[in-house]
Every structure is written in structure tokens, then in C-alpha cells.
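Structural overview
As a plain string of letters, each chain reads:
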Amino acid sequence: MEEFQSSVLVFFVNGKKIVDNEVDPEWTLLFYLRNKFRLCGTKLGCGEGGCGACTVMLSKYDRINKKIIHLPINACLAPVCGMHGLAVTTVEGIGSTRTKLHPVQERIAKSHGTQCGFCTPGIVMSMYTLLRNSPKPRMKDLEVTFQGNLCRCTGYRPIMEGYKTFTEEWELIQNGNRLNGEQGNGCGMGDKCCKLQNGTTKDPEEVLFNRNEFTPYDSSQEPIFPPELKISDQYDKQYLVIKGKTVTWFRPVNLEQLLQLKKQFPDAKLVVGNTEVGVEVKFKQMVYSVIIQPVLIPEMVAITNTEKGVRIGASAAFANIESYLKNEINRLPEEKTRIFKSVIDMLNWFAGKQIRSVGALGSNIMTGSPISDMLPILMANEVTLELQSRDNGKREVLLDGNFFTGYRTTIVKPEEILSAIYIPYTNSDRYCYAYKQAKRREDDIAIVNAAVNVTFEPKTDIIFDINVAFGGMSYKTVTSPKARSQLKGLPWNRHTLELAFTHLQEDLPLDPGAPGGMYLYRKSLTLSLFFKAFLAISADLEKYIPHIKIDKRELSGITSFESKEYKSAQYFTVVPNTQEKSDALQRPIIHKSAYKHATGEAIYCDDIPFFENELYLFLVTSTKSHAKILSIDPSEALAMEGVLYFVSDKDLDEGNNVMGYMHHDEKIFYTDIVTSQGQVIGGIVATDQLTARKAARKVKIEYEDRHPVIVTIADAIKHNSYFKNPDIVIVKGDVEKVFDEAPHVLEGECHIGGQEHFYLETQAVVAVPKKEDQEMDIYSATQAPTQLAEILAQVLGIQQNKIAVKTKRLGGGFGGKETKSIIVALPVAIAAVKLNRPVRCMLDRDEDIVITGGRHPFYIKYKIAFNNEGKILGASGQFYSNCGYSLDLSPLVLEHAITHFQNSYNIPVVRLEGYTCKTNLPSNTAFRGFGCPQAMFAAETMLQHIADYLNKDPVTLSELNLYKEGDVTFYNQKLTNCTIDKCWNECIQSFKYFEKRKGVDNFNRENRYKKRGLSVIPTTYGIGFPLPFLYQAGALVLVYTDGSVLLHHGGVEMGQGLQTKMIQVASRCLEIPIEKIHTVDVSTDKVPNTTATVASLSSDLNGVAVLRACNTIKERLQPYKEANPKGTWEEWVKKAYFDRVSLSSTGYYGDSDFGYNWETGEGQMYNYFTYGVACCEVEIDTLTGDHQVHSVEIVMDLGESLNPAIDVGQIEGGFMQGYGLFVLEELVYSPSGTNYTRGPGSYKLPGFGNIPGEFNVSLLKGVSNPRAVYSSKAVGEPPLFLGSSIVFAIKDAIKAARKKNGYDPGDFRLDSPATSAKIRMACQDNITAKFKEPEPGTFTPWNVLVE
Ligand SMILES: Cc1cc2nc3c(=O)[nH]c(=O)nc-3n(C[C@H](O)[C@H](O)[C@H](O)COP(=O)(O)OP(=O)(O)OC[C@H]3O[C@@H](n4cnc5c(N)ncnc54)[C@H](O)[C@@H]3O)c2cc1C
Ligand code: FES
Ligand code: FES
């Protein structure tokens, strides 16, 4: 064997052969691609396999089946050494703007499927890999393909819309046929045919993009697999041994070598997909010095049929298992393959495709995770495991309750390996069902999972044997021995079911403080999931056992949600034919950077080429929520090779260690008392990122705990911990009098949890000191370049004119990169100045979440008076917001929240108080909606409260109270051009609310365990800050002698399409096509003193500035135009140049006429309002709390949209982010302030699977807005609240379930986020009734709700 040993890594990247004898086994493929080759198209979004931004295609030659296999993989987890003998394709390898775009790149761009573009290369590569394997995929394949990809901006709909055009279904529709043989409508637009849109006809031009322009996909044109890898198997035969500084990588090629290695290194880690180990190494700081990769050993990866069942090599990847078992299911009689079917069904909910491509079943077993999805199935069926060691050979053991000896420990000996798993065939009397409940259906870890394996006496309903296994109920997968022993011999009926419930409760105890929390939900789920299996098996038995009968309505407890059809329509005003072709305004043109997003050419902060001598900084942050720092000792870190410096408060002049955006209540470096985890203590500067990260973890910090640790709003109220008490009070009229005199008064409260921004690109900065005069360039992913320059200048003692902060684009911001980018930029800039070298830093996802804070959780108490019809007469409210450790923007957020407490309803008399709660959490900040969604949620909760009380449909109640033209808000603003009623009527009509209501009621009657619900939710969003100084903007327009135009302004592009819109404004004003206009970046040395890009205002502010600058140019060119009316733009420009006319101009906007005086209540709070309405239909599973969104209809008034495609994108993306806030995204904290939700594994954003089945968006036509540029309206934030329509539709469905189960339909509170746990527990029934809330004080809860 010796002659085949190699220590040189060989693989191919985009067709180019890489031969590397200096590779470090600790490097991931992503690190290698980005750092060694600067192939920066592949992005780092999380580093834990949860976001898909790093997706690349891995190709290999399958020598047995003689075919090339293409797999999507996560480059962030794939060890680069694992690439030996394989070919990797990155987004750069499939097309570029310089050569030719690949159709997957072209279609996502043209269908408006990119906004910030940071997720785009990963999505492109997932789609590309699918096409390489199946050039004509089905729609279902598309859904599966994107399970492992996240996008925070688009809401996914446009991506699916663009990629639909690759599918078989699309082609058939194009041909006028449907898959099921039904005749289609013959229109090329298929389901999007204008004639099919909601029963109305629409202008055929009213489409956001034209599919006929797509380049046809020709799979024969794809790059070929490297012939060398196909022809020769030399790399497959090599016993690879690569030694790094701390890790040695072995890739044996036969079992003998593997067993020998395991004998020699019993502590060695076997790594197959690295999807467990990679996460352990990165996030749990585990160090494994010997890694063995067994993937080339035939016995370890082969899947074969044997008498005992299917033998699966322990290192066989799930993707291979899936296709093998599917074949078996097709080949064999149904009764033989019931376990296979459970495995396949479960795999659909197991991680994403990238993980399933590489992760192995054997690894899943050996990891022994208590929430493994495979273990319950394998354990309930007591599969056989084959173990092997060098000295003792083979042995077989059963995977039963004895296999795990403790948390993630097994009976497998250190020198042994798991070599295979035998999954048995079933017979006609044996049934197997498995279930999983997670926070999000796709790509999420289980809360509880279960498998039930029952064998009956032949052809009877008498139980011969029953084995059930559960995950998520203990430190390991557990079975129920009592249920097994006590149910044998009993008939399968409701009586036995009750017995089973009793034994399951006995065998599945759960400590109320057990990790994972959700005590009552998990307990209820065990019985609910078993009940689902009971129903499913009853339905199976019903087929041949006459006395078993199952009510049709109960079938809804078995079936999953119907698969979605993905329909959508977008309505907007099409520009008239008379509009000049060159005039781009109001046309749905694509995002200026869309092609660059899709090809990976778009440069984000960390993609900026390395500077000479560059260093990397890794932050050292507090791990305590409230403590005194006793000592900070970086000596061990500083002694490491490659470490240069520990930057800290010692590098600052006396008194300079302060910062804060509007209030100077924060420190740059915390060195005395820490008041939250994640506060920056210092930073390790090293030659590279990996060294800096390792070293930072070696900085020793001693703390002394301080008390109290205030985490929740309840804690803050208890400890009277406020920044100001109260912070804000608004009074209009005498509310006490109204309460005294009103026919009805109700009191209530609601809680709204926080939200993590989860911009796909984390905070990043590069500081580059220049050689002269203290000049410095700061490349920062910030929404606030000027504010950053200001504070940097102040802290560094340098004039602002020497610091240029430059921002090209952000991979999403959502408010999180306004003040928070400063926290990262300051230490980096200080280190750069100190060392006089460029310094870079990009936060890891978990750091970003812990350091930067997010949306404020709110607790709102209300009291409301109304008459017999439900007309609101007055209200009072107390708003408590969880601000975290510093004020940041919290007072402004609170003001904004309070002024949106009425949402779209006229509340004539109010008394509102707001409290800024000071807690030991990261400091919360701006987040799309700026407090308003939280307050509006309270408004809708109140409305629903009244509706329940008066027993009326909330829709009638809302209609009655809706604002009308001329109404005056409680802060004295008269509503002009108020279109909320128009939006309302149009939305209800398009959605066919009343027809749908009948359908929902019918459905609910016919289905016992699934219920549907509807909602109609309005939003009235105030645009502008009542702080006039923030309402200013500048622009600089440069015209060159060739007629090209360069546009500078102060607004940062972060996916909202600002640059595109500004180019459109300039195009209209200068009367030139957009191709002549270019934007580069935002830079404080071009346009000074800019307002941060926030509050949806960037088009309003910068648009006017750009317009004014362009107008000046236009005026200067007017004489030339008049003198030569038939001339061209270029000719006029040239002529003006020769006449020495200035061809550059600034434009400035600062003359808005509004502002509000909080003392007197006088003035105008907002510039204008953006109105919108959403209707929604959902379905819930009352046994699990799962839900599915069937349809959503949105109508918004955006005035005369500058770009309907971008605006529709903002509406859809905002809506989906609101869906996340109100339903899916739950931040979980320990009672001592530790955030348990630090990445996509535990914090669930909406995914592709959450797209509403039908998703229609209309921009209200025939409306204008005199108060913004070209009559447009701001759009970024207003749609977010409409996402709450989902929660209110869910509430409607819960009411139906409660009514059916005999509980008061209105007597429950549904706080936000309405997670599956809250939904299930609100659907009270005989299962939930079995469990009681544990006595507070008798246990220490694992988590607390911060709201
Ligand atoms: C984003 C993401 C989503 C996930 N989703 C799910 C999910 O939905 N459900 C779920 O159950 N899991 C999930 N996981 C966990 C993980 O993917 C699975 O456990 C997977 O099966 C691990 O396979 P691997 O080959 O990548 O493991 P590796 O990281 O390569 O190895 C895992 C462990 O198994 C040991 N091991 C491997 N093979 C052997 C052997 N033959 N003998 C002895 N020991 C061995 C290794 O030493 C190591 O300790 C997810 C992980 C990620 C990152
Ligand atoms: S960066 Fe790899 S999955 Fe997120
Ligand atoms: S476009 Fe997908 S994350 Fe921004």
C-alpha cells in the first residue's frame, strides 16, 4: 500500500487542477476558496450549514455505476482535504458578466430574485446542481433543492417564479398542456396568464419580467467533468495523509487500514460529511488531532440487499440512502418496505439537500443526538448494527434502549467503528410510522420526534408487539418499555390508546427545567404524535378488519398539508406608451447589481482584495451578563505564533472610551463592569483570521458575578430598572371620563418577542491607514457612513476630513447596521492606527447575534372603551420595551411605537405611557418597522378582543373603526390623501374574503384535526422623522465628456434597490437611458454629512437631492439643446464642455416642512403615510401546532411607484420578515441572559417552504403623493406589519379548534411569535388537559421569555 500513500491534495476548482502540498486539514473548502484563490462569490453566512450562502457543486465519478454525480454541498463545513480527487464548481465557474451568464444566473436576476444579493450565489449553485442532475426538474424538486438555502430579503417568491421556468410543468404549460392531461389555456403565461388572474383581465404588459427573453437552457453546453478524474482512479486509490499544525488527516482506502488507524488512535474522529464535527470544532471549540475519512472504503459506503434487510454502510450518505430505498419501495411489495418509507418521509424534513448530500447515517447514530431524526425510527425497529475492530473483528448489536450509555456515549468501544446498519423488511402485519415536530418544517432540528412500530397477530387487530421511540424527551432517544409490555395482546382501539397514553406518560418523564424548555408542549407532543400513529394504523387496519371504523373527519389527523401550487400575481400601473423609451422611471427594471449578484461578482466588504500587510482582528467579548471584571490576561494569546497585539482601552486617551449614537452611554471597550454578554472587552490582532479566532479564545478574563441579572421586561418592572420612568407620555382628551361613560371597557395585554436582523452578511469592516497626514479609508458594511466617520474622528483625534468611510453595498441591513456597525469598526480602526497596518474583521454569525442586539421585545397593557357596535371611544396603554444595556435608539423606537398604537383605526381619546426598560441583554436597536409592528400588533389584539367580546367578525369591527380622509390622529395630524379604505376594499374583493369564509367554515366542519382561518389586517405607517435635522440629503452628479454620468448621493445600497431607483430618477430628469448612468459607492469624501440610510426614507431624501443636482445640469445644458434640438445628449455635453460650462453639480434637500413638538403636541409628526392591507388564509394542525399559509393578498398604496418590481419585492420581503417576527423567529434566552439562538440552526427564519401557496401583490392604481419625489412613496418598512395577518389567521383557526373541543374560542392570548408550541397549546383538547403547568419556584426554568 505504501506506494499509494500521498500527502499532496489534488482537486479541481472550476476545471482548474489544484495541487497543494501545504494545505492545513483545519481549513474548510470555503476558507480555501475565499482566502487562497479569492474566489469570493461563495459567501460565508453562518459557517454552520444553515443558510446555504456557501453552496458549491461537488462532482465525482461513480466508478461502479459509471456516471458522474453532482452534489450541492456547504463549503463552510466541507474540509478542504475531503476534496481529494474531486471537482468543485463555484458560482464563478458557470458564467460571468464578462463572458456569458448561465441561464440560472440570468433567470434569478431577470425575475427580480435578488435584492442584497448575498444569498444569491448559494441559491444559484443549488439550482445549477439540480439542473446538472436533472435538466428538466419537477416543481417538487425545486422545493427540495432550496430546503437548505435562506434569503432574508426577497421573500423567495420571485426566485421560485424565475426558476419555475426550468421545470417540466412549465414546459407543459407552455405547450398548452397540463401534467395531468388536462387541457391548458394555451397561453404562454400559463397560470400567470393575465386572463386567469383572480378572475380579472389585466394588461398583458403588466408583468414584472418577460420569460420570453430568457436564454434557453441547453444542458449539452455545460462544462465537462475533468477527464483526468474520469479516466484514472489514481486519486481514489491514494492513502492520503496530510499533517497540519494541530490536525492530521487520514484517508484510508480499505477496511484494514481504517481498523488499524482506529487501533493506533482510539481517540481519532471518523469524519464523513463533517456536518457534526465541523460544528463542534467551530462553535464548541473541540480539537480533534486525528481525523479519519472512511468514504473510499467499499464496505463503509456500499448499500446492498441481504436476508436481514438492506445493509447500509455506515458512511453512506443520506442522498444515496434515499435513492436506494426509493428504488426498493418501487421494486418491492408495499408491506415489505414500511420502515424504508418512514426513513424516506423523515429525510424530507431532515436538514437541507446540502447536508443530506454528505452526511451519513452511521454518523447520525454515533453522534447520539437526543433529537436525531433517524434514531427513533431505527430504535423503534431495533435495527442491527455491525461493529468492527482490528483485534476483535465483527460483532452485531441491537440498536435498542441499551445502546446509549449516557449523553452522546454508546456501548461502542474506542477502537471499534460502526461499519453497517441493517434495516429489516416488514411484513403485512407490521406497521411503522414516524413523525417530527420542529419550529419550522423544512431544515430544522426536532423539538420532539417519534416512531411507532407495531406488529399485530396475523390478520387481526391484536397487538403482538409494539415499540415506540421518542427523541427530544431526554438526554438520549428513549423507548417506552411499559407501553411495550402492557399493550401486548390488546386490541387496537380507543381503550388501548388511553392505556398507551398512561404508559407513555410514565415512561417519558420530563423535568420542567429540562434543556429545550417547552415542557407542556413536549409532553403533549408525545401523546399527539402517538395519536397520529394510532389514527394512521387504524386507517390501515380499517381496510381489512370490519369492526375498525374511522370517522372521515379524523383523517385530517393523519394527512400532512396539501402540497402548494405556488401561484402569484403582481398588479401595478404600466407606463403609458407615450413615455419616452429612454425614460426609465416607473418601469420594473431589474436591480442594477442583479447580474453581479448572480455571478458572485458583486463585492461586499469582506470581498475587498487583501491589502499589503493586512491583519485580522477578532473581538474578545463578555461572557457574563452582569459582572465585575477582575482581570484580563491576553498573555497566552499574545505568545501564539502570528499574534501581534491585544487592542483595548489602553489604546485610548483618557476620557475617549465612550460612544453611543444619540446618548453617550456605551463604552468602546468594557474593562470594569460588564452589563451584558457580547460587550467588547478588546480585540486580538493576528496575521490571519484563524489564528486571531483561536487566540481570542485564549484571552483569560476573570469575573465576579453581580446582581441582579435583569433579562425580561418582568424583571425590569420588578427591579424598577428603567432608563427613564416613564420615558414618554401622550395624552389626548380625558380618557378616564371616556372609561367611566362608555358602554363597554376591556383590559388586556400582549407580548411581542424580539427579532434578530439576520442580514446574510454579518458586520464587517476593513480599516486602511494611509501613509500621509493621518488619512484613513474605512470600508464598512454600515448604513451610517457619516455617523461612523464622525465618531471615528472623535475617538481617534483625527479631523473628519481625513477619514473616508466607503460603503459599496450591504448584504442586508434592516436597521442592524445603523449604529451597530460602529461597535466593530471602532476597535478595528483603533488597531489599524496603533499598528499602522490595514486591519480587517468580519463577525462570525454567533458573535454578530450576541454582540449587536435586534428588535425590541415589547410588553403592552391596554384598556379600551367602545360602544355597542364596537366603535372605539378611547384607549389607554402602557408600553414597556426591552432596550438591553444601553439606550442606543430606544427612545426614538418607543416614540415611533406609541404613535402607531392605533394602527389604522381612529382612536379619538388616549393616554399612552412608554417605558424604556434597562436590562442585561445586548442593546436593542433599529429594525425595519422601528417599533411600529410591535405597537400595531397591540392594536389588532385589542380589535380582536372587542370582536370576541361582542361576538362579531373582526373584519366588520376593523371596517367600522378604519381611518377616513380628514380624520385627525391622537397626535393631531390630519390625514390627507388617506387611501386605507380603498386598499381595504380592493384587497377584500381580490381575495374574495366572504367566499373564502364559507369555504373555511365548510373545511373546518369536515376536518377534526386541521382547521383553517382567515384574517384581514391593515397598516398605516408614518413616514419621516419628526426631527427636521435628519431630513436632509446631498447628491453630487458628474457628467463626463463622453456623456456618461456618475451619480453620488448619501444613501447606502443594501438590497432595497436604492441605486437603481436613483438612476431611474436621474434618467427621467436628464432624459437619458439608464445605461449612461453609473453609481459606485457611498463615500464620505464625495457627499458629506449624510443622513443614515434608515426609516424607508432613502429614496425620498436622496431622490430629491439627485433630482435637484440633475436639474441644475439640465438647466446648464438647456441652451445647447435649444440651439441644436436634433442633437444628441453627447453632443450637448461636448459643446457645453468646450464652452467651459460646469458639468458637475451638487443637489441638496433640506426644506421639508414638518416637525413635531412633543411638549405642546403641535406640528406634523410624519411627512405622509403609506397604507396597505393584507388578507390571509392559513391551515393549522391542531395536534402539533404546525401551520401552512395557503394564500395572501396584499394591496398597498405606494403612490406612483418609482420601480414596481423593486417595490413589489420590498412588499414581499417585508411581509415575509414580518411572518418571521410574528410566527417563526423566537429568540431564546436563559434566565441568566445567555442567548441560545445564535445561528440558523436554532433561530428559524422563514425558508422557501414558507412561501404562501398563492401570493398576490397589487400596487393601488390612480394614486399619487405630492410629498415625495415623483409622487412616489416610501416602502421599506410599511409592509412588514402585514406579516401579522398570518398570526391573526392562525388565531382564527385556533378559535375553530377550541370551539370544537368545547373550550371558549375567545378565551386565550396568542402572543408573538405564535410558534408551533403556542399554537398547539392554544388548541386545548383532551391531550393538553392531561398536563399541568409546573408550580413556579419548584424548578429552574431552562429559558425565559424576554418580552
Ligand atoms: C445544518 C444542519 C442541519 C441538520 N439537520 C439535522 C436533522 O434535521 N436531523 C438530524 O437528525 N440531524 C441533523 N443534523 C446533524 C447531522 O447532519 C447528522 O447527524 C449527520 O448524520 C451527520 O453526518 P456526518 O457524516 O456529516 O457526520 P460527521 O460530522 O462526519 O461525524 C459525526 C460523528 O460520528 C462519528 N462517526 C461517523 N462515522 C462513524 C463510524 N463509522 N463509526 C464510529 N463513529 C463514527 C464521528 O466520529 C463523529 O463523532 C444537521 C446538521 C446540520 C449542520
Ligand atoms: S455559510 Fe455555509 S451554510 Fe451558511
Ligand atoms: S437577496 Fe437574499 S439575503 Fe439578500
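Computed from a predicted model, the values in this text were never measured in an experiment. (Residues numbered from 1 in each chain as written. Chains lettered and ligands numbered in written order. Predicted model: local features only at pLDDT ≥ 70, side-chain atom pairs only at ≥ 80, totals over all residues. Heavy atoms only, no water.)

The next thing to look at is the overall build of the chain. Secondary structure assignment for the chain yields 38 helices and 48 strands. By the compact-globule yardstick of 34 Å for 1347 residues, the chain fits well, its C-alpha radius of gyration being 31 Å. When each of the 1347 residues of the chain is scored for burial, the buried share is 65%. Excluding contacts between residues fewer than 6 apart, the proportion of contacts in the chain whose partners are at least 24 apart in sequence is 77%. For the chain, the computed accessible surface area is about 47,600 Å², with 51% contributed by carbon and sulfur atoms. In the chain, which carries 147 positive and 156 negative side-chain charges, the distance between the mean positions of the two groups comes to 3 Å. (Helix = DSSP H or I, 4+ residues; strand = E, 2+ residues; numbered from the N terminus. Rg over C-alpha atoms; globule rule 2.2 N^0.38 Å. Buried < 20%, exposed > 50% of the residue type's maximum accessible area, 1.4 Å probe, protein only. Contact = heavy atoms within 4.5 Å. Areas by Shrake-Rupley, 256 points an atom, 1.4 Å probe, with all protein chains shown as cover. Lys, Arg positive; Asp, Glu negative; His and termini not counted. Charge placed at Lys NZ, Arg CZ, Asp CG, Glu CD.)

What the rule picks out here adds up to 72 salt bridges. As a salt-bridge pair, Arg 390 and Glu 256 come within 3.3 Å of each other at their nearest N and O atoms. Separated by 134 residues along the polypeptide, Arg 390 in the loop between strand S13 (384–389) and strand S14 (393–398) and Glu 256 in helix H9 (residues 255–264) bring together distant segments of the chain. By relative accessible area, which is 35% here, Arg 390 ends up partly exposed. (Salt bridge = Lys/Arg side-chain N within 4 Å of Asp/Glu carboxyl O.)

Relative to the elements of secondary structure, Asp 967 occurs in the loop between helix H30 (954–961) and helix H31 (980–991). At a separation of 2.8 Å, a polar atom in the side chain of Asp 967 contacts the main-chain amide nitrogen of Lys 964. Beyond its immediate chain neighbours, meaning those up to four positions away, Asp 967 contacts Asn 906, Leu 962, Gln 973, Lys 974 and Leu 975. (Polar contact = N/O pair within 3.5 Å; in protein donor to acceptor, adjacent residues only side chain to side chain.)

In this section: the UniProt feature "binding site: [2Fe-2S] cluster 2" (unreviewed entry) in the chain. Cross-referencing UniProt, the feature "binding site: [2Fe-2S] cluster 2" (unreviewed entry) maps to Cys 116, Cys 119, Cys 151 and Cys 153 in the present numbering. Across 38 residues, the annotated set stays spatially compact, with a maximum C-alpha separation of 9.3 Å. Following the sequence through the fold, Cys 116 ends up in the loop between helix H2 (103–110) and helix H3 (120–133). Not counting residues within four places of it along the chain, the set of residues in contact with Cys 116 comprises Cys 153, His 597, Tyr 604, Leu 810, Gly 811, Gly 812, Met 1054 and Gly 1055. Its place among the elements puts Cys 151 in the loop between helix H4 (139–145) and helix H5 (157–163). Not counting the four nearest positions on each side in its chain, Cys 151 is found in contact with Cys 119, Ile 123 and Tyr 156. (UniProt positions renumbered as here; feature names shortened; annotations may be inferred.)

Next up on the list: the site of ligand 1. Neighbouring ligand 1 are 32 residues; Lys 269, Leu 270, Val 272, Thr 275 and Asp 373 lie closest to it. With respect to ligand 1, the side chain of Ser 363 contributes an N or O atom lying 2.7 Å from an oxygen atom. Protein coverage of the free-state accessible area of ligand 1, which is 1,000 Å², stands at 92%. Of all the secondary-structure elements, those providing two or more residues to the shell around ligand 1 are strand S9 (269–270), helix H15 (361–367) and strand S17 (417–423). Counting residues per element, the shell around ligand 1 draws most heavily on H15, which supplies four residues. A per-class count over the shell around ligand 1 returns 16 nonpolar, nine polar and seven charged. (Near = heavy atom within 4 Å. Nonpolar A, V, L, I, M, F, W, Y, C, P; charged D, E, K, R; others polar.)

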